[in-house]
Amino acid sequence: MLRLVVCIKQVPQVSELPWDPDTGRLQRELAEGMMNPACRFALETAFSIREKVGAKIAAITMGPPSAEEVLREAIALGADKGILLCDEKMAGADTYTTSSTLAKAIQSKIPRFDLILCGSSTSDGETAQVGPQLAEELDIPGVAYVDDIEITGNKARVRRVADQFLETMEMELPGLVTINARSYIPRYVSMTGFQAAFAEDITTYDAAALGLSPEWIGSKGAPTKVLRVYSPRMDKKNIVLTGTTKKIIGSLFSLFDDRIGGIIGKDLKTDKKAK
Amino acid sequence: MDYNPSLKSKSLRKAVRMFAEAEIGPIAHDIDRDAVFPWDVVVKMKSLNFFGLQAPKTFGGAEMDSLSYAIVIEEISRVSAALGLCLTVHNSLAVYPILRYGTDEQKKRFLPDMVKGEKIGTLCMTETSVGSDAAGVETHAGQEAGAYVLNGTKIFITNGLVCGTALVFATTDYQNPRKGSVLFIVERDTPGFIVGEKEDLCGMRANPIATIFLENCHVPEKNMIGHPGDGIRLCLKTMDAGRIGLAALATGIAQAAFEASLRYAKDRKQFQKPLSSFQTIQNYLADMATDIDAGRLLLYRACEALDSGRPFAGEAAMAKLYCSAMAMRIADKAVQIHGGYGYSKEYDVERYFRDAKATEILEGTSEIQRIVISRAVLSQRA
Amino acid sequence: MNEKRRAIWVFGDYRNYFQNRVTLQLISRARELALPIGAQVSVIVFGHNVDEIVGNYTAHGADRIYLTDHPRLAEYSMETYSFLMERLARQEKPEIILIGATSFGREFAPHVAKRLGTGLTAGCIGLDIDENGLLVQRVPSFGGNLIAETVIPERRPQMATVRPGVFQELEPDPKRVAEIITVPMPEHMPPDRIRLISSELREAKVRRLEQAKIVICGGRGMGSKKKFAKLYELAELLGGEVCATRPSVYLNWAGHETLVGQAGKQIRPNILLSFGISGAIQHTASIKNAHFIIAVNKNPNAPMMKMADVAIVADASQICNALILELQRRIATKQSHPSDLSGNSAV
């Protein structure tokens, strides 16, 4: 029986982001949470592994008390248990401290795991860094952007597309994958699953329970510091171009080559090759 | 009293909304326009146990309380009222009475397939000349060696075309229909149970509402719920609980119409300003939001009464009466805010308008709700 | 090794054309960032038989190139590369490491940062040096709805991955010379825990409209079906997708599947080029999440023009044709450009 750990994250529902109209700031505390979409793919991948070879699946998240919700959702979808890492001292973590905290929790609470699955990135931070850094912290092999995974014995065969290369790799277990997965379509919460999830216990650990020093976690331990956050929409300029066609095209490219030049450059080339 | 929704309620709403928006949303407009029942989506709903919302776990159900049930119906109806109607009729008017009033043998025989959604349920009450006046039932149940022979015509039967198990209300006694009233569980494949054509209705068009003909339809005695003479009481009790589903359905439509209006008012510009900057529109939106909240509170109060085992008939009738009228008011305002677009079949608002009207008629008209409520009111001391 | 100067490192990511471009863009930006802190720009190259690449980086502005050339490095390997990178960085102590936000870069960089115990900012769209000499990194989040500015005040090196197309590469100068430092492959390498079984370059798949990064949208102002068809030519040149407004679909200039302006349909491309669209509410509601909008319309007061980043007051069809010509001209120039790397010559 394999032991799978799926790392999930609660993110704000982007469609409902409440903005402060005066400052252009996101009022994050008002936003409704949801499970990060890529994490649903990671969970679904874990379910497909369980269907094929049998597995126990633990879902783990670090977040505020309200993150209990995504663990319940994970259980409703089919995870066997939920672990919440919750402590004010963990708040403000960057990917470095997030991965350290997750690693510590996994080492101490689920030490005999075979495979860790993460979503390839989150819809809020979009860093795609926690998975790779967690693998590094645990000193296990990690492969990112996995589309497809097959487990045989103590090896995982994974497929992915990275930078237009279709790659097949074999990874030793225990290991970690971040899931891009177009191969597994996430299921929905069933009504019976939902009811059952709210009958389960969620295990919560704080920093002390994990033996984590406050100096090394959350914003205190984070190497990166956020100076400020702003809405780019406030920077939107409405530049008007008039005149002859030649003049307009000229100014378009001279003004915005930095913005569109790189993308255009790339796609010009792709196009050339196609022909 | 806790007016703050619990984590469980909020999560349930999100979970159902995610499914409804992703799976029903893209087709909701088309299934209404083409008046088709979306089997593909229904198959998914079956596998997610939407057809066993309140049935006990032993029968494979989700064993939800009424508040959770109302939230599910509300969220499905917010995207497609026709499918919300399918679910509420199945769960409240077919599964619920068997569960509540059926024998153990009947439960074992009928519920597993119904809870799985393999057999979609319905309740056949309305007849060509009998609607609100249930006691005037004309469908006859004649006795014949361990069976009853049903003859009659039932119209406006929700889920009619697709039903697998129907509850049929009839009477053994033409002279005194009330005294002879009976309620049967009839399987669709019973000879003489004939499903007619789909009704061409103003709203709820994706629900296969149909006429059902009973022609010498032999139903075994063991399919009767309760005893002869119980029929009308069982039907009315069932309708009491069913009102919660209908009120939730109406609230879902209203919510959809309100959200569409809010989006539109913020985006649409007239006289170089968004509609939402005009005080008239602001007032409309304020009234709509207040109206929906009022209806929802009445609905949740009725749920709470039912769940805690208190009498709830008056509360449920108030919720149904208020929410259906509220849905109609909200849909009307939504069309008005949308102007020409609101009146166009290209957009969803006119669908909300047509669907909302059905909630004032289905499962007891608003006039009947007032009778139920007035009985409760008049029994109080002046 | 020799003189210790502050250094900005750029990871030489060259596996395909587009990875190579972002490396060149980063060299260019690194040179600008190096000025206020008096640093030199080094490019780190791991590979086998990569002389052409080394030459290319030299011509594009590298002061110094650290090169490990070994048959074992012929295929990209995240494990091997991060082991080598950590080792080299511990030895040379660069101030800053910049890595292209390619798929590989975004996988490789977090491993390196963790090994070095330092911070890393993902997918930057802007880099600057502040008055304290710190690298200020600008990074979008929430699908571009927010921009955060971050710094790594204490730990070194300061690391960032940077999105392609943010900076402009320098014109290559074949006369430039860089100091090439050959770094030998260490004798003892940790065992591979990940084994590459196969790798093949694939053509980019056709993206669906909702996922397209560049969208070209045409409205009634294009004038005719024939003129509208030119948008497809432009889309092909840009690697984008074409969409249409309701009127142009009704006029049968475009298929129904291209319609944008329905309840619920949202597109969020990086660049939206809007041609001859006045901006009915159903349309503007569907495209308002585009990051950068260029709109062409004769009427400067059309709602679409008001919400655009760039509003071009002109005939839509004429601008479309002129853009096609200009892009074709640029392709021709690029194709004849001698210093350009071809797609996957390095692999």
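Because the structure is predicted, anything quoted here is derived from the model rather than measured. (Residues numbered from 1 in each chain as written. Chains lettered and ligands numbered in written order. Predicted model: local features only at pLDDT ≥ 70, side-chain atom pairs only at ≥ 80, totals over all residues. Heavy atoms only, no water.)

## Structural notes on the overall build of chain A
We count it as follows: Helix and strand assignments follow DSSP, with helices taken as H or I runs no shorter than four residues and strands as E runs no shorter than two, numbered in order from the N terminus. The classification of residues rests on relative accessible area computed with a 1.4 Å probe and restricted to protein chains. Under 20% of the type maximum is buried, over 50% is exposed, and intermediate values are partly exposed. Two residues form a contact once any of their heavy atoms are found within 4.5 Å. Using the Shrake-Rupley algorithm and a 1.4 Å probe, accessible areas are obtained, with residue cover drawn only from the displayed protein chains.
Each helix and strand in chain A was counted, giving seven helices and 15 strands. Burial statistics for chain A: of 275 residues in total, 59% are counted as buried. Within chain A, counting contacts between residues at least 6 apart in sequence, those at least 24 apart form 71% of the total. Accessible area of chain A: about 11600 Å², with a carbon and sulfur share of 51%.

## Some remarks on the overall build of chain B
Using the following cut-off: This radius of gyration counts C-alpha atoms alone. The globule rule is 2.2 Å times how many residues there are, raised to the power 0.38.
What chain B contains, in helices and strands, is ten helices and ten strands. Taking 2.2 N^0.38 as the reference for a compact globule, 382 residues should give roughly 21 Å; the C-alpha atoms of chain B span a radius of gyration of 21 Å, in line with that estimate. Structurally, chain B occupies a C-alpha span of about 80 × 50 × 40 Å along its principal axes. Residue burial in chain B is summarised as follows: out of 382 residues, 57% are buried.

## Digging into the nonpolar core
Here is the rule we go by: Each nonpolar core is a collection of buried residues, namely Ala, Val, Leu, Ile, Met, Phe, Trp, Tyr and Cys, held together in the definition by side-chain atoms within 4.5 Å.
In this structure, Phe50(B) and Ile76(B) are the most contacted members of the largest nonpolar core, which totals 207 residues. Ranked by residues supplied to this core, first place goes to helix α6 (residues 231–267) of chain B with 19 residues. One finds Ile249(A), Ile214(C), Ala244(C) and Val310(C) within the second-largest nonpolar core, a separate group that totals 38 residues.

## Re the packing of aromatic side chains
Short version of the rule: Side-chain rings of Phe, Tyr and Trp, where Trp is taken by its six-membered ring, are said to pair if the distance between their centres is within 6.5 Å; with planes under 30 degrees apart they count as stacked, over 60 as edge-to-face, and otherwise as tilted.
Considering all chains together, one arrives at 22 aromatic pairs over all chains under this definition. Seen in terms of ring centroids, Tyr264(B) and Tyr341(B) are 6.3 Å apart; in terms of plane orientation they differ by 70°. Their pairing is edge-to-face. Of this pair, Tyr264(B) sits in helix α6 while Tyr341(B) sits in the loop between α8 (313–338) and α9 (349–359); the two residues are 77 residues apart in sequence, bridging distant segments of the chain. For Tyr264(B), a relative accessible area of 8% corresponds to the buried category. Here Phe11(C) and Phe108(C) contribute two aromatic rings whose centre-to-centre distance is 4.5 Å and whose plane-to-plane angle is 40°, an arrangement assigned as tilted. With Phe11(C) in strand β1 (residues 7–11) and Phe108(C) in helix α4 (residues 103–116), this residue pair connects regions lying 97 residues apart in the sequence. Across the pair, exposure class does not vary: Phe11(C) and Phe108(C) are buried alike. Taken together through their ring pairs, the aromatic side chains of Phe11(C), Tyr14(C), Phe46(C), Tyr76(C), Tyr81(C), Phe104(C) and Phe108(C) make up a single cluster.

## Description of the interface of chain B and chain C
Heads up, the condition is: As a working definition, buried area equals the accessible area (1.4 Å probe) given up by two parts on being put together, with both sides summed. Within this document, salt bridges are pairs made up of a side-chain nitrogen of Lys or Arg and a carboxyl oxygen of Asp or Glu, the two lying within 4 Å of each other. Side-chain atoms alone can form a polar contact between residues adjacent in sequence; in general such a contact is a pair of N or O atoms within 3.5 Å, and within protein one must be able to donate a hydrogen while the other accepts it.
On the side of chain C, eight residues touch chain B, which itself brings seven residues to the contact. Interface area, chain B with chain C, both sides summed: about 620 Å², of which 49% is carbon and sulfur. When the buried area of chain B at its contact with chain C is split by residue, Asp267(B), Glu346(B) and Tyr347(B) rank highest and sum to 68% of it. Along the contact surface separating chain B from chain C lie one salt bridge. Counting across the chain B and chain C interface gives one residue pair in polar contact (both at pLDDT 80 or more).

## Focus on the pairing of strand β6 (residues 55–62) of chain A
Successive residues of a regular strand alternate their side chains across the two faces of the sheet. All names here are of chain A. Applied cut-off: When DSSP finds at least two bridges between two strands, those strands are taken to pair.
Burial of β6 is extensive: seven of the eight residues sit out of reach of the surface. Direction of pairing for strand β1 (residues 2–7) relative to β6: parallel, over a ladder of six bridges. Bridge pairing in β6 links Val-5 to Ala-58. Across five bridges, the pairing between β6 and strand β7 (residues 81–85) is parallel. Paired with Ile-60 across the two strands is Ile-83, which belongs to β7.

## Quick word on α6(B)
Residues and elements named next belong to chain B. Short version of the rule: Expected span of a helix: the number of residues minus one, times 1.5 Å. Bend, in this description, refers to the angle at a residue between axes fitted to the seven residues ending there and the seven starting there.
Between its first and last C-alpha, α6 extends 53 Å over 37 residues, near the 54 Å set by a 1.5 Å rise per residue. Ala-241 marks where α6 bends most, by close to 30°. Among the 37 residues that make up α6, 30 are buried, leaving the element largely enclosed by the rest of the structure.

## Regarding the sheet that holds strand β13 (residues 202–205) of chain A
Strand pairing in a sheet relies on backbone hydrogen bonds, with the paired strands running either antiparallel or parallel. Which entries qualify depends on this criterion: All axes here are fitted lines through C-alpha atoms, helices being fitted over the stretch that makes contact, and every angle between N-to-C directions spans 0 to 180 degrees.
Strand order in the open sheet formed by ten strands is β13(A)-β7(A)-β6(A)-β1(A)-β8(A)-β12(A)-β9(A)-β10(A)-β11(A)-β11(C), and the pairing between neighbours is mixed. Edge positions in the open sheet fall to β13 of chain A together with β11 (194–201) of chain C, since each of these has one partner strand only. Along the sheet, successive strands turn relative to each other by an average axial angle of 30°, direction set aside. Two elements, β1(A) and strand β8 (residues 115–119) of chain A, share four bridges in a ladder whose sense is parallel. When the sheet's bridge partners are listed, Leu4(A) is paired in β8(A) with Leu115(A). Strands in contact with helix α4 (residues 130–138) of chain A are β1, β8, β9 (142–152) and β12 (175–179) of chain A; relative to β12(A), the strand with the most contacts, it is inclined by about 175°.

## As for the environment of Gly12(C)
All names here are of chain C. Checked against the element boundaries, Gly-12 lands in the loop between β1 and α1 (17–37). On the basis of relative accessible area, Gly-12 is assigned to the buried category, the value being 1%. In this structure the C-alpha to C-alpha distance between Gly-12 and Phe-46, which are 34 residues apart in sequence, comes to 7.6 Å. Residue contacts for Gly-12: discarding those within four places in its chain leaves Thr-23, Val-43, Ile-44, Tyr-57 and Tyr-76.

## Some words on the sheet that holds strand β15 (residues 292–297) of chain C
On the basis of which strands lie adjacent, the open sheet formed by six strands has the order β15(A)-β16(C)-β15(C)-β14(C)-β12(C)-β13(C) and parallel pairing. The open sheet has two free edges, formed respectively by β15 (239–241) of chain A together with β13 (241–244) of chain C, since each of these has just one partner strand. Going across the sheet, the axis of each strand differs from the next one's by a mean of 20°, ignoring polarity. Looking at chain direction, strand β12 (residues 214–218) of chain C and β13(C) are connected through four bridges and run parallel. Note on β13(C): the bridge partner recorded for Gly218(C) is Ala244(C). The sheet strands contacting helix α5 (residues 225–238) of chain C are β12, β13 and β14 (271–275) of chain C, and the helix crosses β12(C) at an angle near 175°.

## Re the environment of Cys163(B)
Residues and elements named next belong to chain B. Structurally, the position occupied by Cys-163 is in strand β4 (residues 163–171). The sequence separation of Cys-163 and Phe-184 amounts to 21 residues, and the corresponding C-alpha distance is 15 Å. Once residues lying within four places of it in the same chain are set aside, the contact partners of Cys-163 are Ile-120, Thr-122, Arg-188, Phe-193 and Ile-212.

## Describing helix α1 (residues 37–53) of chain A
Residues and elements named next belong to chain A. Between its terminal C-alpha atoms α1 stretches 25 Å, which fits the 24 Å expected from 17 residues at 1.5 Å a residue. Summarising burial for α1: twelve of the 17 residues are buried, a large majority. Taken together, the buried positions of α1 are occupied by Ala-38, Cys-39, Arg-40, Phe-41, Ala-42, Leu-43, Glu-44, Thr-45, Ala-46, Phe-47, Ser-48 and Ile-49. Just past α1, the residue Gly-54 takes up positive phi, approximately 85°.

## Thoughts on the pairing of strand β5 (residues 120–124) of chain C
Residue and element names in this part refer to chain C. Within β5, five of the five residues are buried, which leaves the element mostly enclosed by the surrounding structure. Here β5 runs beside strand β9 (residues 158–162); their pairing, made up of three bridges, is parallel. Considered in β9, the bridge of Cys-124 is made with Val-162.

## Notes on the domain arrangement of chain B
All names here are of chain B. What counts, and what does not: These domain boundaries are the output of an automatic or database domain assignment.
Domain annotation for chain B reports domain 1 (7–120), domain 2 (121–228) and domain 3 (232–378). Taken together, the contacts link 16 residues of domain 2 with 14 residues of domain 3. Summed over both sides, the interface between domain 2 and domain 3 buries roughly 1200 Å², with carbon and sulfur atoms accounting for 78% of that surface. The largest share of the area that domain 2 buries against domain 3 comes from Ser-132, Cys-202 and Met-204, three residues that together contribute 40% of it. The interface formed by domain 2 and domain 3 holds zero salt bridges in total. Counting across the interface, domain 2 meets domain 3 through three residue pairs in polar contact (both at pLDDT 80 or more).

## Side note on the pattern of salt bridges
Evaluated as defined, the whole model comprises 64 salt bridges over all chains. The partner of Glu149(C) in a salt bridge is Arg228(A), with the nearest N and O atoms 3.3 Å apart. Here Glu149(C), found in strand β8 (residues 146–151), pairs with Arg228(A), found in strand β14 (residues 225–230), and the two come from separate chains. A salt bridge links Glu360(B) to Lys357(B), with the nearest nitrogen and oxygen atoms 2.7 Å apart. One continuous salt-bridge network, built from bridges that share partners, spans Arg228(A), Arg29(C), Glu32(C), Asp128(C), Arg138(C) and Glu149(C).

## A look at the state of the cysteines
Cut-off, in case you're wondering: Two cysteine sulfurs form a disulfide in these notes if their separation is within 2.5 Å.
Inspection of the entire model under this criterion finds zero disulfides over all chains. With no disulfide partner, Cys118(A) has as its closest neighbouring cysteine sulfur the one in Cys7(A), 3.9 Å distant. In this structure Cys217(B) is a free cysteine whose sulfur lies 10 Å from that of Cys124(B), the closest cysteine sulfur available. Residue classification places Cys217(B) among the buried residues on the basis of a relative accessible area of 0%.

## Looking at the packing of α1(A) against helix α2 (residues 68–77) of chain A
The description of two packed helices rests on the angle between their axes and on the distance between the axes. Residues and elements named next belong to chain A. As a reminder of what qualifies: Should the near helix be turned counterclockwise from the far one by less than a right angle, the crossing is left-handed, whereas a clockwise turn marks it as right-handed. Classification convention: Asp, Glu, Lys, Arg as charged; Ala, Val, Leu, Ile, Met, Phe, Trp, Tyr, Cys, Pro as nonpolar; all other residues, Gly among them, as polar.
It is the contact of α1 with α2, at a shortest axis distance of 11 Å, that shows an interaxial angle of 30°. Classified by chirality, the crossing of α2 by α1 is right-handed. In this structure, α1 contributes Arg-40, Leu-43 and Phe-47 to the contact, and α2 contributes Glu-73, Ala-74 and Leu-77. Looking at side-chain class alone, the contact of α1 with α2 contains four nonpolar, no polar and two charged residues.

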